[in-house]
Amino acid sequence: MKQIKLLAQYYVNLLVKLGIVRFSMLLALALIALAVVVQVTITLVLNGSVHDNDILRFVIFGLLITPWAVYFLSVVVDQLEKSRQHLTTFIEKLEEMRFRDMELNRQLTYNVEQLNQEIEERKRAEVARKAAILSLKKEVHRREKAQLELAEQTALLRSFIDASPDLIYYRNEKGKFSGCNKAMEDLTGKRESELVGLTPWDIYSKDIASKVVETDQQVFDNNVSLTYEQWLIYSDGQKAYFELRKLPFYSQDGFRLGLVGFGREITERKRYQDELEKVNQDKIAFISTISHELRTPLNGIVGLSRMLLDTRLSCEQSDYLRTIHVSAITLGNIFNDIIDLDKYDRSKLELVSQPIDLLDFMTEIENISGLMAEQQGLRFSLDKITLFPPSVMLDATRLRQILWNLVGNAVKFTKQGIVNVVARCNVKDNIAHLQFDVGDSGIGIPLEEQNKIFAMYYQVQQEENNLHAVGTGIGLAVSRKLARLMGGDIVVDSKVGEGSTFTVTLGVPLSEPSKDIGIIIVEQIPLKILLVEDIELNITVTVDLLEGLGHTVIVARCGKKALEILPTTYFDLLLLDIQLPDMTGFDIVKVLRDGNVSLPPLVALTANVIKDKTEYIARGMDDAISKPISVSAVVDVIERLVMQCHFSKEQTVVLGQKRLNNNLYATLLDLEMLSSYVDIVGPVPVYKSIIMFEKLMPEYLQILGSNVIAKDQRSIASKAHQIKSAACSIGLKHIQKVAQKAQSPDLPAWWENITDWVDEIQASYSHDLGVLKQWLNEYKK
């Protein structure tokens, strides 16, 4: 059955492939041939033979009947095949449609399921949305509350910042202001909104802005805070001294946003510091005064004993006189210790190095130290165990002070025995390394005390030796300070009961030996000299010395007497003591310099040790000499100052022409200007100008005072010029003159006097205004 289906399918396929006509013809021929074969076979079987007619009949019959039958059969088969194909196609489509329906059904089912899920999710989302809205409402309420609290805190913080008297400001990386507080607004005269975006160059003067920008850059470059002090100027011109602190600030992610600055006004502290400095200066003046009072008789002793040593004396008198002379010098060194103590406190100890002959220096030390030891019944020796260069550069006074102090201590703490100084020198690379070992056979110093003896005011106490330290306790401290200033040091080695050795070491450069050309006194021209001195002993010593040189000396014992003598007498030289009963030597010089007349050389006489003459020259002196004056110092001054000037009697100072009228109005007021002004416009405009002047002066003086504290010379002169102009406009001659001095920094000793001038203006202007009003009232009558 299966083979038949296969043959039938093969039959149909062949029919479709060949077509109905060709297939029919081919099938007909096959059938005809088959029919002929079958007929011939049957005929042969039945008849035993086949005739050509039979074969032809069979063929003709087959040709007539078979094609039609085959064709018909083929058409039927073809139609059936097409029907089958259509049916197959239809079935396939039905199958496809059924499959599509199944897919659609599955998709519909899936969509329904998804829709149900989405409906459930939407229900849940709606519930979540309602919950989120409720939560959001609560969050909004919380944030609104937090914002209100933050706004309140911000306002409170802002009020705190604005209430702060300190400057607070912010600047970005480009140096532009980002914000500030009220104090900064007051300083700059600009509101915060106006400051934002501006740089320090837009706000401050050039010199202030340059420092502000420089410190800003230091903060940015180093990423560290910075504190410094600086003068700043308010918008009204008043200066204030601020302590400024700057530090970088960052965002939460560590990005630097700029810097924040704080500024605290410390003008009062600065004023206090200046007052403290003035107190220190007063202390210096007090110490100088005390030193002067003590030195005055001492200088007389030194001078007279030195002069007596040049006369014929017996050996015993000469020994006694040398003892007096050395004792006076030693006492003078104690005074130097007192002065050096003050300088030590202010760290202003100074050195003046000069070429000295070491051998002569040590001979001097040996002679004086020998006398000191001899007075205590001790033996003294100075041993030079190495060769010494002929000359070195050092401050001989300071080294002498160190060695005398050490020898003095050795003598003081040695009851019997010897005091010995061993000197060594090692020259290397043009540096002389000096060493002085000052040893004694005294009581010694306990080991636990040896680290303390160089402390200021410390004194060793040894009850077992019944010996208490005497003196100030400052000698060793100052001596070590001096040694270290000279590049050396002092150390001690001591054992109780065996004595002590203090070793001084320092290195000093070599120098060329000085050539002493001597002083040819006989060739000096006799001069007429005015000596302004009040101490009889000093007068005696100085007059004897000057007259011994062939000069004529006139003495004035006070400043007033000197000012009376000068206009009437010609002098070649004026020697001025600094401390006088009625005024100082500087006061006399000021009066003379203000006279605008030719003057002889003005030389100060001072009991203080002169290290620097700058101060004396700055205050109007031509030179300065320490007392007791020496022949070399006087000759040097005469050679340098007097011999270079040629005065004549026609150049005599006439101070009488500069004396002021005693009339109060003429002294304080410009009467000529005021009289002509009132005659033209009347007194009313003057009164109005006076009222305006009274309103302006407090502000002027406040700003002037701040400039003085700031030591701003240019601003002081500028503000003083304004005061002078204002005073000139209403005829305040006295105030005008003082302000003229205050606005002239080129005047001698301007810095030293500016505070006094400002104080004088402040103290006098109200009084002078009262005098002006009184004059106006009288003039109207």
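Conventions and cut-offs
- Residues numbered from 1 in each chain as written.
- Predicted model: local features only at pLDDT ≥ 70, side-chain atom pairs only at ≥ 80, totals over all residues.
- Heavy atoms only, no water.
- Helix = DSSP H or I, 4+ residues; strand = E, 2+ residues; numbered from the N terminus.
- Buried < 20%, exposed > 50% of the residue type's maximum accessible area, 1.4 Å probe, protein only.
- Areas by Shrake-Rupley, 256 points an atom, 1.4 Å probe, with all protein chains shown as cover.
- Axes fitted to C-alpha atoms, helices over the stretch in contact; angles between N-to-C directions.
- Parallel < 35°, antiparallel > 145°, perpendicular 65-115°, else oblique.
- Left-handed = near helix turned anticlockwise from the far one by under 90°.
- Contact = heavy atoms within 4.5 Å.
- Nonpolar A, V, L, I, M, F, W, Y, C, P; charged D, E, K, R; others polar.
- Pairing = 2+ DSSP bridges.
- pLDDT = per-residue confidence, 0-100.
- Salt bridge = Lys/Arg side-chain N within 4 Å of Asp/Glu carboxyl O.
- Expected span 1.5 Å × (residues − 1).
- Arc of directions from axis to C-beta.
- Patch = residues over 30% accessible without salt bridge, like charges linked within 9 Å, V, L, I, M, F, W, Y side chains within 5 Å.
- Core = buried A, V, L, I, M, F, W, Y, C linked by side-chain atoms within 4.5 Å.
- Phe/Tyr/Trp six-rings, centres within 6.5 Å; stacked < 30°, edge-to-face > 60°.
- Lys NZ or Arg CZ within 6 Å of the ring centre and 35° of its normal.

A separate point is the overall build of the protein chain. Secondary structure summary: the protein chain contains 23 helices and 19 strands in total. When the 781 residues of the protein chain are sorted by exposure, 39% land in the buried category. For the protein chain, the exposed surface amounts to about 45,000 Å²; the carbon and sulfur share of it is 57%.

The subject of this paragraph is the packing of helix α21 (residues 713–729) against helix α22 (residues 733–742). At their nearest, the axes of α21 and α22 sit 8 Å apart, and the two run at 160 degrees to each other. The angle between the axes of α21 and α22 places the two elements in the roughly antiparallel class. The element α21 and its partner α22 pack so that their crossing is left-handed. Between α21 and α22, the contacting residues are Ile716, Ala717, Ala720, Ile723, Lys724, Ala727 and Cys728 on the first element and Ile735, Gln736, Ala739, Gln740 and Ala742 on the second. By residue class, the composition of the contact of α21 with α22 is 9 nonpolar, 2 polar and 1 charged.

Another aspect to go through is the sheet that holds strand β1 (residues 167–172). Across the sheet, 5 strands lie side by side as β2-β1-β5-β4-β3; this open sheet has antiparallel pairing. Only two strands of the sheet have a single partner each, and these edge strands are β2 (177–180) and β3 (226–233). Adjacent strand axes in the sheet meet at a mean angle of 25 degrees, parallel and antiparallel pairs treated alike. Pairing geometry for β1 and β2, over 3 bridges, is antiparallel. Bridging from a neighbouring strand, Tyr170 pairs with Gly179 of β2.

The share of residues in the protein chain with pLDDT of 70 or more is 80%, and the mean pLDDT across the chain is 78. By mean pLDDT, the top-scoring element of the protein chain is strand β10 (residues 431–440) (93), and the lowest-scoring one is strand β12 (residues 467–468) (44).

Applying the stated rule across the entire model yields 22 salt bridges. One salt bridge in this structure joins Arg98 and Glu95, with 2.3 Å as the shortest N-O distance. Here Arg98 and its partner Glu95 are both found in helix α3 (residues 52–163), 3 residues apart, which amounts to about one turn of the helix. Among the residues examined, Arg98 registers a relative accessible area of 43% and is labelled partly exposed.

As a packed pair, helix α10 (residues 358–375) and helix α11 (residues 396–412) sit with axes 10 Å apart at the nearest point and diverge in direction by 25 degrees. As summarised for this structure, α10 and α11 are arranged roughly parallel, according to the angle between their axes. Judged by the twist between their axes, the crossing of α10 over α11 is right-handed. Of the residues in α11, those touching α10 at Phe361, Glu364, Ile365, Ile368, Ser369, Met372 and Ala373 are Ala396, Leu399, Arg400, Leu403, Trp404, Val407, Gly408 and Val411.

So, on to the side chain of Asn707. Topologically, Asn707 is positioned in helix α20 (residues 683–710). Setting aside its immediate chain neighbours within four residues, Asn707 contacts Lys239, Asp712, Ser715, Ile716 and Lys719.

So, about the sheet that holds strand β18 (residues 602–606). The parallel open sheet is built from 5 strands, whose spatial order is β16-β15-β17-β18-β19. Strands with a single pairing partner mark the edges of an open sheet, and in this sheet they are β16 (552–556) and β19 (623–626). Sheet twist, expressed as the mean angle between neighbouring strand axes with direction ignored, is 25 degrees. Here β18 pairs with β19 via 4 bridges, running parallel. When the bridges of β19 are listed, Leu605 appears paired with Ile625. Each of β15 (528–532), β17 (573–577) and β18 is contacted by helix α15 (residues 585–594), which is oriented at about 140 degrees to β17, the strand it contacts most. Where helix α17 (residues 631–642) meets the sheet, it contacts β17, β18 and β19, and its direction lies at approximately 170 degrees from that of β19.

What follows covers unusual backbone geometry. The phi dihedral of Asp429 is positive, around 55 degrees, even though this residue is not glycine. Looking at the element boundaries, Asp429 is found in the loop between β9 (418–428) and β10. Judged by its relative accessible area of 67%, Asp429 is exposed. The residue Lys711 is not glycine, and still its phi comes out positive at about 55 degrees.

Here Lys246 is to be found in strand β4 (residues 239–250). Classification of Lys246 by relative accessible area gives buried; the value is 0%. Among all residues touching Lys246, those that are not within four sequence positions of it are Tyr169, Arg171, Val212, Thr215, Asp216, Val219, Val224, Ser225, Leu226, Tyr228, Val260 and Gly261.

Here helix α7 (residues 206–222) is 17 residues long and its end C-alpha atoms lie 24 Å apart, about the 24 Å a rise of 1.5 Å per residue gives. Taken together, the buried positions of α7 are Ile208, Ala209, Val212, Thr215, Asp216, Val219 and Phe220. Across the axial projection of α7, the buried residues extend over an arc of 145 degrees, all falling on one side. With respect to the buried face of α7, the exposed residues turned more than 90 degrees away are Lys206, Asp221 and Asn222. In this fold, the buried residues of α7 make contact with β1, α6 (200–203), β3, β4 and β5 (256–265). After α7 finishes, the residue Asn223 shows a positive phi value of roughly 55 degrees.

Taken together, the side chains of Leu31, Leu34, Val38, Ile42, Val45 and Leu46 define a hydrophobic patch exposed on the protein surface, amounting to about 560 Å² of accessible area. Following the sequence through the fold, Leu31 ends up in helix α2 (residues 20–47).

Turning to α11, a few remarks are in order. Taking 1.5 Å per residue as the helical rise, α11 with its 17 residues ought to reach 24 Å, and the 23 Å between its terminal C-alpha atoms agrees with that figure. The buried count for α11 comes to 15 of 17 residues, which makes it a mostly enclosed element.

Next up on the list: the nonpolar core. Leu394, Leu434, Phe436 and Phe502 are the most contacted members of the largest nonpolar core, which totals 45 residues. By size, the runner-up hydrophobic cluster in this structure holds 35 residues, among which are Tyr700, Ala726, Val771 and Leu772.

Right, let's get into the pairing of β15. Burial runs high along β15: 4 of the 5 residues are buried. Direction of pairing for β15 relative to β16: parallel, over a ladder of 5 bridges. The partner of Ile529 across the bridge, within β16, is Val553.

Moving on, we get to the packing of aromatic side chains. A complete count under the given rule lists 7 aromatic pairs for this structure. Taking the centre distance of 6.5 Å and the plane angle of 45 degrees together, the rings of Tyr234 and Phe242 count as tilted. With a centroid separation of 6.3 Å and an interplanar angle of 70 degrees, the aromatic rings of Phe693 and Tyr765 are classed as edge-to-face. Here Phe693, found in helix α20, pairs with Tyr765, found in helix α23 (residues 750–780); they are 72 residues apart in sequence, far enough to count as distant. Residue Phe693 is classed as buried on the basis of its relative accessible area of 3%. In this structure Tyr765 comes out as buried when scored by relative accessible area, which is 12%. Positioned over the ring face of Phe177 is Arg171, at 4.8 Å from the centre of the ring.

As for its placement among the helices and strands, Lys270 is situated in helix α8 (residues 267–309). Those residues in contact with Lys270 that lie beyond four places of it in its chain are Trp231, Tyr241 and Ile709.

Another point: the environment of Asp166. Assignment of secondary structure puts Asp166 in the loop between α3 and β1. The class for Asp166 is buried, based on a relative accessible area of 15%. Counting along the chain gives 76 residues from Asp166 to Phe242, while the straight-line C-alpha distance between them is 9.1 Å. Non-local contacts of Asp166, meaning those with residues more than four positions away in its chain, are made with Asn181, Ala183, Gly263 and Arg264.

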